[in-house]
Protein chains: 2
Amino acid sequence: MIQSKELQGAAVGVFDSGVGGLTVAREIMRQIPNEKIVYFGDTARVPYGSKSQDTVTRYSRQIVRFLRTQDVKAIVVACNTASAYALDSLEKEIDIPIIGVVKPGARVAAEVTRNGKIGVIGTEGTIGSQIYTDFIHNINPDAKVTGKACPLFVPLVEEGLLQDPVTDEIASRYLTELIDIGIDTLILGCTHYPLIRSTVGRIMGEEVTLVNPAYETAAELKKLLTDCNLLNPQAPALGDNKYKFYVSDGAEKFKRFANSIIKYGILSAKTIQIEEY
Amino acid sequence: MIQSKELQGAAVGVFDSGVGGLTVAREIMRQIPNEKIVYFGDTARVPYGSKSQDTVTRYSRQIVRFLRTQDVKAIVVACNTASAYALDSLEKEIDIPIIGVVKPGARVAAEVTRNGKIGVIGTEGTIGSQIYTDFIHNINPDAKVTGKACPLFVPLVEEGLLQDPVTDEIASRYLTELIDIGIDTLILGCTHYPLIRSTVGRIMGEEVTLVNPAYETAAELKKLLTDCNLLNPQAPALGDNKYKFYVSDGAEKFKRFANSIIKYGILSAKTIQIEEY
């Protein structure tokens, strides 16, 4: 497939309900550093995890329309809930590659489990949708998949309690059930969770493999762009705005949080009215 | 002022970012049981507490437009953040009485304090706006008002951890500063907080008076309706739909939570698309 240099040089669109998807953007920056990124965080309507499929799909459609105005060459749905609820609809509606974070995470989990017992932690929406279970069963119909919603993890992370006895206590409660079942693989099925990976890992023990869909998604994006001949062959010119960040509310607050996660220097974040798209 | 029976029989509109305002609706039901209520909870965009003034004001305007379609005779902004950020604008834009929860709570706190040291707990938005401080200073310029944002209280309440060691621990951390200052009066400046009133009360000690703006707001509403001759002189007819509940997302989930707070039996909750107003 021959693609124009202009198309190869276009940005990848990445979106999330808020700041969580920055863990995915960070992996893309690490694994395919030539790529430009336009990131959108829906901070005016965050969180998605407790909202319905209809609402999350409507919001996701608006965001895709916004990202298309930025001439992106591909889109990454860097939010587990939106991937679970909206990706199927979005895929049918657009003519550029779009991937979510669920399938890459599910595939790796299905591959690395030894005893076939896989745990998934995520928001109410992601867990309730059973989407990780469905994808894993497509690959390994015998796998026993147990989901556990962990609604307090996102607020605890956003409050900055990454290493804290309270987070330990809450994590222990949420994870006991998965330990008792004897899972050997645990999917961190929400983009905030890699930020408390060490807590989760300590509680689960060394024998349990933690799967971070952010890492797998960046790897899948690299493969997809390569297959479609859409990889940017060269780094953007100096002075070119490589990473652009948009939010629907609170650009300054977003910038502070983002700069604590991403060490590449976020020059600016702009607020847009996402309902208008 | 002479008012028609039709106007007196109209409902009071009550709105909140989600379920929290039900503690205000509950007080209205208790204190003025003849009044019909149309409640709107913005569950598609909840929470407001971490969002900007512009966004909260835009959302509040849409909700007021929706409530007007229900022919309400007065509106209660049953959300501290919306009261803090949007009430000033809303008051100028409509021609029916509208009250928030901040002023009634501030007035009572200014009245009951003995040592002039008042604490306020609330969302980031409410505390950052300094609105309680401003209202209290209007009444008592010498009062020393200390605000403390408690972002984890809402998720802890929504997770149902009303009586729990984790909630105790988090509350102790948030409240230490206020204990050290020696406040004798504490405003529960977020509609969720009355649900953990006993935890907060135990930590603060018996000497500290807890002010619940929900109670004061219902009392102020009763006075306002009386002054404007808008009180409903008789109970709505049996079979009349006395309490109506609308949300922007997840009506079933809202109903479950609402029925755990309000014991009057919530017959139905409907979902509407609030962005269209």
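Residues numbered from 1 in each chain as written. Chains lettered and ligands numbered in written order. Predicted model: local features only at pLDDT ≥ 70, side-chain atom pairs only at ≥ 80, totals over all residues. Heavy atoms only, no water.

Keep this limit in mind: UniProt positions are given in the numbering used here, feature names are shortened, and annotations may be inferred rather than shown by experiment.
Where an unreviewed UniProt entry is consulted, chain A appears under the name Glutamate racemase, with the organism given as Eisenbergiella tayi. The UniProt entry for chain A carries the following text under Sequence similarities (unreviewed entry): "Belongs to the aspartate/glutamate racemases family."

### Quick look at the overall build of chain A
We apply this condition: The way it works is that DSSP assigns letters per residue, a run of H or I at least four long becomes a helix, a run of E at least two long becomes a strand, and they are numbered from the N terminus. With the radius of gyration taken over C-alpha atoms, the globule rule is written as 2.2 Å times the number of residues to the power 0.38. Residue exposure (1.4 Å probe, protein chains only): buried if accessible area is under 20% of the type maximum, exposed if over 50%, otherwise partly exposed. In this description, contact between two residues means that some pair of their heavy atoms is separated by no more than 4.5 Å.
Of regular secondary structure, chain A possesses 12 helices and 10 strands. Radius of gyration (C-alpha) of chain A: 18 Å, near the 19 Å computed for a compact globule of 277 residues. For chain A, the spread of C-alpha atoms along the three principal axes comes to 55 × 40 × 35 Å. Out of the 277 residues in chain A, the part that is buried amounts to 59%. In chain A, the share of contacts with a sequence separation of at least 24, taken over all contacts with a separation of at least 6, comes to 77%.

### Observations concerning the sheet that holds strand β1 (residues 12-16) of chain A
The strands that make up a sheet pair up through hydrogen bonds in the backbone, lying either parallel or antiparallel. Residues and elements named next belong to chain A. So the rule is basically this: For two strands to be treated as a pair, DSSP must find no fewer than two bridges joining them. The angle between two axes is taken between their N-to-C directions and runs from 0 to 180 degrees, where each axis is a line fitted to C-alpha atoms and a helix contributes only its stretch in contact.
Spatially, six strands are ordered β4-β3-β1-β2-β9-β10 in an open sheet, and the strand pairing comes out parallel. The open sheet is flanked by β4 (98-100) and β10 (269-271), the only strands paired with a single partner. Adjacent strand axes in the sheet meet at a mean angle of 20° when their direction is disregarded. Note: β1 against strand β2 (residues 37-41), five bridges, orientation parallel. Looking at β2, one finds that Val 14 is bridged to Tyr 39. Across the face of the sheet, helix α4 (residues 80-93) comes into contact with β1, β3 (74-77) and β4 while running at roughly 160° to β4. Contacting β2, β9 (243-247) and β10, helix α12 (residues 251-261) crosses the sheet at an angle of about 150° to β10.

### Quick word on the packing of aromatic side chains
Defined as follows: Ring geometry is summarised as follows: Phe, Tyr and Trp rings, the Trp one being its six-membered ring, pair when their centres sit within 6.5 Å, and such pairs are stacked at plane angles under 30 degrees, edge-to-face over 60 and tilted between the two. Here, a charge over a ring is recorded when the distance from Lys NZ or Arg CZ to the ring centre is within 6 Å and its angle to the ring normal is within 35 degrees.
Taken as a whole and judged by the stated rule, the model has 18 aromatic pairs over all chains. Consider the rings of Phe 40 of chain B and Phe 66 of chain B, whose centres lie 5.6 Å apart with planes at 55°: the pair is tilted. Of the two residues, Phe 40 of chain B sits in strand β2 (residues 37-41) while Phe 66 of chain B sits in helix α3 (residues 53-68), which places them 26 residues apart along the sequence. Each member of the pair, Phe 40 of chain B as well as Phe 66 of chain B, carries the same accessibility label: buried. Ring geometry for Phe 153 of chain B against Tyr 174 of chain B: centres 5.2 Å apart, planes inclined by 85°, an arrangement best described as edge-to-face. Here Phe 153 of chain B, found in helix α8 (residues 153-158), pairs with Tyr 174 of chain B, found in helix α9 (residues 165-181); they are 21 residues apart in sequence, far enough to count as distant. Taking relative accessible area as the criterion, Phe 153 of chain B reaches 0% and is therefore assigned buried. Within the aromatic cluster, the residues linked to one another by ring pairs are Phe 40, Phe 66, Tyr 246 and Tyr 277 of chain A. Here Arg 45 of chain A stacks its cationic end above the ring of Tyr 59 of chain A, 3.7 Å away from the centre of that ring.

### A look at the pattern of salt bridges
Residues and elements named next belong to chain A. Note the cut-off: Only one rule defines a salt bridge in this text: a Lys or Arg side-chain nitrogen within 4 Å of an Asp or Glu carboxyl oxygen.
Summed over the entire model, instances satisfying the criterion amount to 32 salt bridges over all chains. Across the pair Lys 73 and Glu 35 runs a salt bridge, and its minimum N-O distance is 2.6 Å. Of this pair, Lys 73 sits in the loop between α3 (53-68) and β3 while Glu 35 sits in the loop between α2 (22-31) and β2, placing them 38 residues apart in sequence. Summarising the burial analysis for this pair, Lys 73 and Glu 35 share the class buried.

### Quick word on the relation of the copies chain A and chain B
Keep this limit in mind: A least-squares superposition brings the copies together, and it is based on the C-alpha atoms of residues with pLDDT no lower than 70 in both.
The transform that puts chain A on chain B rotates by 180° and translates by 0.0 Å along the axis, for an RMSD of 0.0 Å. Interpreted geometrically, this transformation is the action of a two-fold axis. For chain A, the residue whose C-alpha comes nearest the rotation axis is Arg 45 of chain A, separated from it by 2.3 Å. Comparing interface residues between copies, 100% of those in chain A also sit at the interface in chain B, which points to an isologous, same-surface contact.

### What to know about the pairing of strand β5 (residues 117-122) of chain A
Residue and element names in this part refer to chain A. With five of six residues buried, β5 is to be regarded as a mostly interior element. Note that β5 and strand β6 (residues 144-149) share six bridges and pair parallel. In the strand pairing of β6, Lys 117 is matched with Lys 144. Relative to strand β7 (residues 185-188), β5 runs parallel, the two being bridged by four bridges. Counted as the bridge partner of Ile 121 is Leu 188 from β7.

### Remarks on the UniProt feature "active site" (unreviewed entry) in chain A
Residue and element names in this part refer to chain A. As recorded in UniProt, the sites labelled "active site" (unreviewed entry) are Cys 79 and Cys 190. These annotated residues cover 112 residues of sequence, and their C-alpha atoms lie no more than 7.0 Å from one another, placing them together at a single site. Looking at Cys 79, the relative accessible area reads 3%, which means it is buried. With near-sequence residues (within four places) excluded, Cys 79 lies in contact with Phe 15, Asp 16, Ser 17, Tyr 48, Val 101 and Thr 191. Residue placement: Cys 190 occurs in the loop between β7 and α10 (197-204). Residue classification places Cys 190 among the buried positions, given a relative accessible area of 7%.

### Thoughts on the pairing of strand β9 (residues 243-247) of chain B
All names here are of chain B. Where burial is concerned, most of β9 is hidden: four out of the five residues are buried. With three bridges joining them, β9 and strand β10 (residues 269-271) adopt parallel strand pairing. Bridge pairing in β10 links Phe 245 to Ala 269.

### Quick notes on the sheet that holds β6 of chain A
All names here are of chain A. Read across the open sheet, the four strands follow the order β6-β5-β7-β8; overall the sheet is parallel. Both outer strands of the open sheet, β6 and β8 (209-211), are each paired with one neighbouring strand and no more. When the angles between neighbouring strand axes are averaged without regard to direction, this sheet yields 20°. Across the face of the sheet, helix α7 (residues 131-139) comes into contact with β5, β6 and β7 while running at roughly 165° to β6.

### Points about the environment of Ile 274 of chain B
Looking at where Ile 274 of chain B falls in the secondary structure, it is placed in the segment after β10. Not counting the four nearest positions on each side in its chain, Ile 274 of chain B is found in contact with Phe 40, Asp 42, Arg 45, Gln 62, Ile 63, Phe 66 and Ser 248 of chain B.

### Thoughts on the nonpolar core
In plain terms, the rule: Residues grouped as a nonpolar core are buried Ala, Val, Leu, Ile, Met, Phe, Trp, Tyr and Cys residues, joined through side-chain atoms within 4.5 Å.
Ile 121 and Leu 186 of chain A together with Ile 121 and Leu 186 of chain B are the most contacted members of the largest nonpolar core, which totals 48 residues. Counting residues per element, the ones that place at least two in this core are α8 (153-158), α9 (165-181), β7 and α10 of chain A together with α8, α9, β7 (185-188) and α10 (197-204) of chain B. Residues contacting Leu 186 of chain A, with those up to four places away along its chain left out, are Gly 119, Val 120, Ile 121, Leu 175, Leu 178, Val 200, Met 204, Val 208, Thr 209, Leu 210 and Val 211 of chain A.

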